[in-house]
Amino acid sequence: MKSLQELVRPNIWRLKPYSSARDEYSGHEASVFLDANENPYNHPNNRYPDPLQLDLKKELSRVKQVPIENIFLGNGSDEAIDLTFRIFCEPRVDNVVAIDPTYGMYQVCADVNDIAYRKVLLNEHFQFSAEQMLEATDAHTKLMFLCSPNNPTGNNLNRGEIEKLLEHFEGIVVVDEAYIDFSDARSFLLDLPKYPNLIVLQTFSKAWGCAALRLGMAFASREIVSLFNKVKYPYNVNLLTQKQASEMIFRYYEVERWVKVLKEERKWLEKQIASLPDTVNVFPSDANFFLVRMTDAPAIYKYLVERGIIVRNRHSVSLCGNCLRITVGTRIENEQLLEALSQYSKV
Ligand SMILES: *Cc1c(COP(=O)(O)O)cnc(C)c1O
């Protein structure tokens, strides 16, 4: 890996962050707060929230077995993705390399920040080769984006290839683990101490059942986390989100139960869908959704919409011609989908 100073944009390296009232004073003994121009009435929403979300991070640290100083929390994973571009990539100079197909936000953030986005096509098993990814780099490649289990394909990426990138790429490797709770693969969280160039993304939006809260997690070296904290909005995670997330950690047994149910339900739904006449192929999944190739995905998508059932049409995505991406719902929802699909086949 290059030194962090070589990788970070010079203006960010030099940046003196905004210092909020709550940054300048932190400690729990004080009881009179006349420092932040807050309204003294309307407790508890009158006070600015903890900018570093330390109570929540303490609890998360226990669940994830990662020290607090290696955790960044943001307004969804999307904030962490955007900050990664803004910290490392000089507009119109630097570039990033990503697998294709994958989650659309990496390219959107690249475009917003005016960073060249280089795509490396996956093979027919939706796997990548570290060698091909490295061949796509040049001296200005700062980041690589991997997503495992991958969206929209649903499969785990090959662990050995990810390790090769972590060992041989000179820049930062982002591994998006939004769906890791549904996967039998080992998380890269445990490898953080080994790889100073690793950023692992996770989220409260999927297994945790908290998409509405907008809470994303980035795990990385203490130095990278400090950079995130320096560039983020001062109060990027609001009080209600911090409280609700803490409460969700308290009810973690629910998350575990949902994951178990959804994994079983996925297996069942995959089998049912595979047996329909208009199904060409169900791709193996390690997530709470799966990709299925149909005879005519755009037509079937439209037919389902007319019946009030929304799946994701991935027909125009690389390697996903005639594919629908189906999220696993409740048994009742899944049965409604199956019923509609079997009626389509009869018409
Ligand atoms: C859903 C998803 C996320 C979650 O994004 P949030 O902003 O945390 O809701 C992140 N990465 C991938 C690949 C996803 O599919």
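Everything discussed here concerns the structure shown above.
Just so it is clear, the model here is predicted, and its values are computed rather than measured.

**Q** So what's going on with the overall build of the chain? Which residues, and what values?
**A** Summing up its helical and strand segments, the chain has 13 helices and eleven strands in all. Against the 2.2 N^0.38 benchmark of 20 Å for 347 residues, the chain shows a C-alpha radius of gyration of 22 Å, consistent with a compact globule. Dimensions of the chain, computed from C-alpha atoms along their principal axes, come out at roughly 70 × 50 × 30 Å. Look at the contacts in the chain between residues 6 or more apart in sequence, and 68% of them connect residues 24 or more apart. For the chain, the accessible area works out to roughly 17000 Å², and carbon and sulfur atoms hold 52% of it.

**Q** Tell me about the pattern of salt bridges, residues and numbers included.
**A** Under the definition given, this model contains 22 salt bridges. Lys164 is paired through a salt bridge with Glu161; the nearest N and O atoms lie 2.8 Å apart. Of this pair, Lys164 and Glu161 both sit in helix H8 (residues 159-168), three residues apart, which is roughly one turn of that helix. Judged by its relative accessible area of 41%, Lys164 is partly exposed. Its relative accessible area of 14% is what places Glu161 among the buried residues. Here Glu254 makes a salt bridge to Arg251, at a shortest N to O gap of 2.6 Å. Assessed through its relative accessible area of 13%, Glu254 is described here as buried. Each of Arg159, Glu163, Arg186, Asp191 and Lys194 takes part in one network of salt bridges that share partners.

**Q** Lay out the packing of helix H11 (residues 252-274) against helix H13 (residues 331-346) in plain terms, naming residues and giving numbers.
**A** Interaxial distance between H11 and H13 falls to 11 Å at its minimum, and their mutual angle equals 10°. Relative to H13, the element H11 is oriented roughly parallel. Across the interface between the two elements, Glu265, Trp268, Leu269, Gln272 and Ile273 from H11 touch Arg331, Asn334, Glu335, Leu337, Leu338 and Leu341 from H13. Among the residues making up the contact of H11 with H13, the classes are represented as six nonpolar, two polar and three charged.

**Q** Outline the sheet that holds strand S11 (residues 323-327), supporting the account with residue identities and numerical values.
**A** Reading across the sheet, the four strands line up as S8-S9-S11-S10 and stay open at both edges, with antiparallel pairing between neighbours. A strand with exactly one partner marks an edge of an open sheet, and here the two such strands are strand S8 (279-282) and strand S10 (312-313). Bridging between S10 and S11 involves two bridges; their strand directions are antiparallel. Bridge pairing links Arg312 to Arg325 in S11.

**Q** Can you tell me about the side chain of Ser20, naming the residues and giving the values?
**A** Tracing the sequence through the fold places Ser20 in the loop between helix H2 (10-14) and helix H3 (21-24). Setting aside residues up to four positions removed in sequence, Ser20 forms contacts with Pro51 and Tyr235.

**Q** Please set out the packing of helix H12 (residues 297-306) against H13 residue by residue, giving values where relevant.
**A** Packing of H12 against H13 leaves a shortest axis separation of 11 Å and a crossing angle of 125°. Judged by the angle between their axes, H12 and H13 are oblique. By crossing handedness, the relation of H12 to H13 is classed as right-handed. Residues Ala299, Ile300, Tyr303 and Leu304 of H12 form the contact with H13, whose participating residues are Leu337, Ala340, Leu341, Gln343 and Tyr344. Classifying every residue of the contact of H12 with H13 gives eight nonpolar, one polar and no charged.

**Q** I'd like to hear about the nonpolar core, residue by residue, with values.
**A** Core analysis: the largest hydrophobic core is formed by 51 residues, its most contacted members being Phe128, Met133, Leu146 and Phe204. Not counting residues up to four positions away in its chain, the partners in contact with Met133 are Val97, Ala98, Ile99, Val120, Phe128, Met144, Phe145, Leu146 and Leu165. Counting 33 residues, the second largest nonpolar core, distinct from the first, contains Ala80, Cys89, Tyr106 and Ile115.

**Q** Got a sec to walk through the sheet that holds strand S6 (residues 198-203)? Specific residues and values, please.
**A** Read from one edge of the open sheet, seven strands run S1-S7-S6-S5-S4-S2-S3, paired in mixed fashion. The strands lining the two open edges of the sheet, one partner per strand, are strand S1 (71-74) and strand S3 (116-121). Between one strand axis and the next, the sheet turns through 20° on average, direction left out of account. Looking at chain direction, strand S2 (residues 95-100) and S3 are connected through six bridges and run parallel. The residue bridging Ala98 from the neighbouring strand is Lys119, located in S3.

Conventions used here
- Residues numbered from 1 in each chain as written.
- Predicted model: local features only at pLDDT ≥ 70, side-chain atom pairs only at ≥ 80, totals over all residues.
- Heavy atoms only, no water.
- Helix = DSSP H or I, 4+ residues; strand = E, 2+ residues; numbered from the N terminus.
- Rg over C-alpha atoms; globule rule 2.2 N^0.38 Å.
- Contact = heavy atoms within 4.5 Å.
- Areas by Shrake-Rupley, 256 points an atom, 1.4 Å probe, with all protein chains shown as cover.
- Salt bridge = Lys/Arg side-chain N within 4 Å of Asp/Glu carboxyl O.
- Buried < 20%, exposed > 50% of the residue type's maximum accessible area, 1.4 Å probe, protein only.
- Axes fitted to C-alpha atoms, helices over the stretch in contact; angles between N-to-C directions.
- Parallel < 35°, antiparallel > 145°, perpendicular 65-115°, else oblique.
- Nonpolar A, V, L, I, M, F, W, Y, C, P; charged D, E, K, R; others polar.
- Pairing = 2+ DSSP bridges.
- Left-handed = near helix turned anticlockwise from the far one by under 90°.
- Core = buried A, V, L, I, M, F, W, Y, C linked by side-chain atoms within 4.5 Å.

Just distances and angles here, no functional claims.
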